[in-house]
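# Structural overview for review
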Amino acid sequence: MKRSSTLLIAFLAFTPSLLPAQTVPLFMSYQGRVTDNAGAGIGTASTPVNRKVVFRLYDAATGGTRLWTEEQTVTLVDGEFSVLLGNGINVTGESRDALDTVFTKSGTGRFLGVTVDGGDNVINVSDTEISPRQQLASTAYAFRARAADTIAPASDLLFGGSPNDGLGWYGTGRLFNGITVNGPVLYGAGGGVLGVVDGSTRTSVLRWDKNGKVGIGTGSADLSITGSTKLVLQGDDTTSTPQQLTIRGGTDPNKRLILGYGTTSDYGAIQAFNGATSSTAAKLMINPSGGNVGIGKTSAGSALDVNGTVTATTFSGSGSGITGLDASKLGTGSIPDARLSSNVALLGGTQAFTGANQFASVGIGTGPNSAKGALLVNGDYYGKGHLWLNAVEGDGKSGTAYIQARDDNKDTSIGMVLRTKKAAALNDVITLTSDGNAGIGTGTPAAKLDVAGGINASGGISVDGDNGYSFNSGGGDTDGGLFSPADGTLTLRTDSAERLRVTSSGNVGIGTGDPKAKLHVNGSVNYTMYKGGQFEWYQTSTATFLINAKTDSNAHEEPASIYASNDILCSGFWSFSDERIKNIIGPSDGGRDLRALQGIAIMDYTLKDTVKHGRQHYKKVIAQQVEKVYPEAVTRSTGIVPDILRPAGCQEGWVDLDTDLKKGERVRLIGEKAEGVHEVLETAPGGFRTEFKPEDGKVFVYGREVNDFRTVDYEAIAMLNVSATQEIYRKLEAEKAKVAALTERLDALEVRDRERDAKFAVFEKLLRSVSSTADLNKASQAGGSAARPVLLNREAAAAATAGE
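The subject of this paragraph is the overall build of the protein chain. When helices and strands are counted, the protein chain shows six helices and 45 strands. Here the protein chain holds 804 residues, and 23% of them are scored as buried. Taking the contacts inside the protein chain whose residues are at least 6 apart along the sequence as the reference set, 39% of them involve residues at least 24 apart. Accessible surface, the protein chain as shown: approximately 53700 Å² in total, 53% of it carbon and sulfur.

See the structure below:
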């Protein structure tokens, strides 16, 4: 069949200048005509024909790259059809993006290929594309849209049709607000933004408002909050040196000056760097060519004029040194090389010089005391505190602190000590030895830091090296703590033995130094449990009765490696079941197991502790009920039951709550900061007492501890089900054999019945054929009395064989 298509309308384009308020539709109108081999159009007005048509867009008249494909079902009337390209469906394995993505600025031409199905309503390999492809051309006014690629000279590209928002080029002869820009100008009535778009994330990099204010990194923040400031740099910088603004040198951009405000530590910073990293600080000069600098004031009378307190680690200088010292103006620090002038008397004391540049004793708040050396920078006195700090309270009580340095050869091995004095007794607080050890509470530190007593560190304790952290319990026990025996490995030790190990791969081992999984537990503890003993059945020909079910009342120890108070979530569970670890007694009694399984009741229930477990419904067994019929699957141990679940007040251990608790019982109590199981020490009407004393006087009474808390071995029940199922199968097989035997007998009886019925049918036929007694006698005389029975038997046998 001949198929041809004629392009009548390529596409219609409307420029923004013609339709500024409309959205350009993502469709193209296309009309064509399909004829048969004789040139006649397919379909008529009275009998139109539907055909599937595939449209493809290419970048070349032949060959080239396929850019877009879609399929439509068109209606042919005298061969003519009309469609909207972009309104079809996808073709498997071929791309179909929006039409506007196909017509790009870089595209040199677009060619349309059309394929029509041959009448079988399927596009297949026998349906070829109509040749030649048809090139898409512009409509008359579509040429106007080409101007948007360059923006015409002396004109602007307007946004939204508003003359107040646009983009244009301003240079010689075309000024912007009286300024020769010689470059592009982006303007808006209310301001504007330069930003970055990454998928659905939009970031404002630079923005300005109608008042001429500029913000960098300000996002959606209101620029007017900064008053008359014209430039705002915004960004919460939490680095050690905030860097909202960086000024770099043209020759070496690594040399830079940064300004910023650290929002975390709440401070502003000006810092110079000389290097690619921020660790190389450089000199910062203020008025390097001259001029005074004022801090905390609006005028400066000297090179540095400070209104406020100056704090420095060290003062150094030359010339006349430091003059005019006032005790109320001194901060912290030292003056190692400066000379003290005669104005040092303003400190409230006098001076006694022993050399050209040193003084032996200077009193601060009191006169100098050369015997005790209240302040000794460089002297030769031993046995007393080189720096005394005296404090006198209003009631006459006093305290003294000493900082003392000693010579190893003349006194002791101590290099420096910080002491306090109480009731005429000197107490060493911090001791520094000559070999670099530091002791707190001890005068003979045996490590780099040796603390005698407890440590309260809200920020944690950090120790270099691999020796770890040891914890002293107060009684001299130093054989436990955290240790790192190798790189990437952490261990927990108690009583000089490793208890837990975390490897570099993240495996955790308890009781093993080579964990094979994310959690590997080796070893167990004996857990006291009460396990079911035996049950007995009595069976008659018609029924089975449970005549004895008892529980072993003697406690025994079960080795346990993991005890979990809540669910254990996992994707699988494997249990050791190797024959070599078992003493096999023999196969389980399937009949008894089936009877036990029939006695287990499946119950619907919820848990009483709804705070912890919610109101979820469960469909499982109840331990007490299972214990009656299958005690082997039930064990007893110590546990907590939520049988009270009520809040109460608690003062001095007395819980104001009326319960049936008795003295000696144990009950779980929950406070705001602590919880635990406590013994009831005594009871009284309306309350009971334990040693638990919550700080806020409030407690939640959860429930009592019991020693017969029952647990169910669901694995045992599962195996009981397996054994019972096998027993049912055996019974079904036996019944099946019985049914087979009965079926065989029934088949044999049916054969006999068919033979008997055949004989009766022959008799009935013969009887009907003899019309009278005379005919019967006549037949008897002709054939003889002995011939008739033989004939009847033969006919009956033949009838049975034929299945009559």
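Now that the structure has been shown, the text picks up again.
This part takes up the sheet that holds strand S14 (residues 245-248). Pairing between the strands of a sheet is mediated by backbone hydrogen bonds and can be parallel or antiparallel. Taking strand neighbours across the sheet as the criterion, the three strands line up as S14-S15-S16 in an open arrangement whose pairing is antiparallel. Whereas interior strands pair on both sides, the edge strands pair on one side only; in this sheet they are S14 and strand S16 (267-274). Strand-to-strand, the axes of this sheet are offset by a mean angle of 15°, without reference to chain direction. By the bridge criterion, four bridges tie S14 to strand S15 (residues 255-262) in an arrangement that is antiparallel. Looking at S15, one finds that Thr246 is bridged to Ile258.

Right, let's get into the sheet that holds strand S9 (residues 183-187). Across the sheet, three strands lie side by side as S7-S8-S9; this open sheet has antiparallel pairing. Looking at the sheet topology across the chains shown, the edges are occupied by strand S7 (156-158) and S9. The average angle at which neighbouring strand axes cross in this sheet is 15°, direction not considered. In the sheet, S7 pairs with strand S8 (residues 166-170) via three bridges, with the strands oriented antiparallel. Residue pairing across strands places Leu158 opposite Gly166, the latter belonging to S8.

A grouping of Leu245, Ile247, Leu259, Ile270, Leu284 and Ile286 is seen on the molecular surface, where their side chains present a nonpolar patch of about 520 Å² in accessible area. Its location among the elements puts Leu284 in the loop between S16 and strand S17 (293-295).

Below, the discussion takes up the pattern of salt bridges. Evaluated as defined, the whole model comprises 27 salt bridges. With a shortest N-O distance of 3.3 Å, Glu129 and Arg133 are connected by a salt bridge. Glu129 gets classed as partly exposed once you look at its relative accessible area, which sits at 26%. For Arg133, a relative accessible area of 17% corresponds to the buried category. Through salt bridges with shared partners, a single ionic network connects Glu627, Arg636, Asp708 and Arg710.

The end-to-end C-alpha distance of helix H4 (residues 714-769) is 80 Å, a good match for the 82 Å that 56 residues give at a rise of 1.5 Å each. Within H4, the full set of buried residues consists of Ala716, Ile717, Leu720, Ser723, Ala724, Glu727, Ala758, Val762 and Leu766. Structurally, the start of H4 carries an N-cap: the backbone nitrogen of Glu715 is 3.2 Å from a side-chain oxygen of Asp713.

Of all hydrophobic cores here, the largest spans 20 residues; its most connected members are Tyr30, Phe55, Phe81, Leu85, Leu112 and Val114. Contributing elements (two or more residues each) for this core: strand S1 (28-33), strand S2 (49-58), strand S3 (66-76), strand S4 (80-85) and strand S5 (111-116). Ignoring anything within four residues of it in the chain, the contact list for Leu85 reads Leu26, Phe27, Met28, Tyr30, Phe55, Trp68, Glu70, Gln72, Leu99 and Leu112. Among the nonpolar cores identified, the runner-up in size contains 13 residues, and Val655, Leu661, Val667 and Phe692 belong to it.

On to unusual backbone geometry. Each neighbour pair has its own omega, and for Ser131 with Pro132 the value is 5°, a cis peptide bond. Looking at where Pro132 falls in the secondary structure, it is placed in the loop between S5 and strand S6 (134-135). Although it is not a glycine, Asn121 adopts a positive phi angle of roughly 60°. Tracing the chain through its elements places Asn121 in the loop between S5 and S6. The exposure class assigned to Asn121 is partly exposed, which follows from its relative accessible area of 41%.

What follows concerns the packing of aromatic side chains. This model, assessed by the stated rule, comprises five aromatic pairs. Taking the centre distance of 6.1 Å and the plane angle of 35° together, the rings of Phe176 and Tyr187 count as tilted. In this pair, Phe176 is assigned in the loop between S8 and S9 and Tyr187 in strand S9, connecting sequence segments 11 residues apart. Residue Phe176 is classed as partly exposed on the basis of its relative accessible area, which comes to 31%.

Bringing the pairing of strand S11 (residues 201-209) into the picture now. Judged from the eight bridges that link them, strand S10 (residues 191-198) and S11 form a sheet pairing that is antiparallel. Counted as the bridge partner of Leu194 is Leu206 from S11. Between the antiparallel neighbours S11 and strand S12 (residues 214-216) lie four residues, among them Gly212 with a positive phi of about 85°.

Let's shift gears to the pairing of S1. Burial along S1 is one-sided: Met28, Tyr30 and Gly32 are buried, while Ser29, Gln31 and Arg33, pointing the other way, are not. In terms of strand pairing, S1 meets S4 through six bridges, oriented antiparallel. Note on S4: the bridge partner recorded for Ser29 is Leu84.

This brings us to the packing of helix H1 (residues 590-599) against H4. Here H1 crosses H4 at 115°, and the two axes come no closer than 8 Å. The hand of the H1/H4 crossing is left-handed. Counted together, Gly590, Gly591, Asp593, Leu594, Ala596 and Leu597 of H1 and Leu720, Asn721, Ser723, Ala724, Glu727, Ile728, Arg730 and Lys731 of H4 form the full contact between these two elements. Split by residue class, the contact of H1 with H4 holds six nonpolar, four polar and four charged.

So, about the environment of Ser588. Mapping Ser588 onto the fold places it in the loop between strand S35 (556-560) and H1. Here Ser588 falls in the partly exposed class, since its relative accessible area comes to 46%. A sequence separation of 136 residues divides Ser588 from Ala724, and the C-alpha atoms of the two residues are 9.6 Å apart. Those residues in contact with Ser588 that sit more than four places away from it in its chain are Asp593 and Ser723. A polar contact is formed between the side chain of Ser588 and the side chain of Asp593, at a distance of 2.4 Å.

Next up on the list: H1. When we look at burial in H1, the residues that qualify are Gly590, Gly591, Asp593, Leu594, Arg595 and Ala596. For H1, the N-terminal capping position is held by Asp589, with its side-chain oxygen 3.2 Å away from the main-chain nitrogen of Gly591.

Calculation rules
The residue numbers shown here count from 1 along each chain, following its written sequence. This being a predicted model, a pLDDT of at least 70 is required before a residue's local features are given, and a value of 80 or more before pairs of side-chain atoms are given or counted; all residues contribute to the totals for chains, interfaces and linings. Note that water and hydrogens are dropped before the side-chain values are worked out from all heavy atoms of the structure. Only DSSP runs of H or I reaching four residues or more are called helices, and only runs of E reaching two or more are called strands; each is numbered from the N terminus. Exposure categories follow from relative accessible area, calculated using a 1.4 Å probe and restricted to protein chains: below 20% of the type maximum is buried, above 50% is exposed, and the middle band is partly exposed. The contact criterion used is simple: two residues touch if any of their non-hydrogen atoms lie within 4.5 Å. Note on areas: Shrake-Rupley, 1.4 Å probe, and residue coverage restricted to the protein chains presented here. In this description, strands pair whenever DSSP reports at least two bridges between them. In this description, a line fitted to the C-alpha atoms serves as the axis of each element, helices being fitted only across the stretch in contact, and the angle between N-to-C directions of two axes falls anywhere from 0 to 180 degrees. Within the patch definition used here, like charges are joined within 9 Å and nonpolar side chains (Val, Leu, Ile, Met, Phe, Trp, Tyr) within 5 Å, considering only residues with over 30% relative accessible area and no salt bridge. Note on definitions: salt bridges are taken to be side-chain nitrogens of Lys or Arg within 4 Å of carboxyl oxygens of Asp or Glu. The length a helix should cover is 1.5 Å for every residue beyond the first. Here a polar contact is recorded for every N or O atom pair within 3.5 Å, except that within protein the pair must consist of a potential hydrogen donor and a potential acceptor, and residues adjacent in sequence are included only if both atoms are side-chain atoms. The criterion is simple. A nonpolar core is a set of buried Ala, Val, Leu, Ile, Met, Phe, Trp, Tyr and Cys residues joined through side-chain atoms within 4.5 Å. When two rings of Phe, Tyr or Trp (its six-membered ring) have centres within 6.5 Å they constitute a pair, described as stacked for plane angles under 30 degrees, edge-to-face for angles over 60, and tilted for the intermediate range. Left-handed describes a crossing whose near helix is turned anticlockwise from the far helix by less than a right angle; the clockwise case is right-handed. Gly counts as polar in this scheme, as do all residues outside two lists: the nonpolar Ala, Val, Leu, Ile, Met, Phe, Trp, Tyr, Cys and Pro, and the charged Asp, Glu, Lys and Arg.

In short, the description is geometric, and any link to function would need to be established separately.
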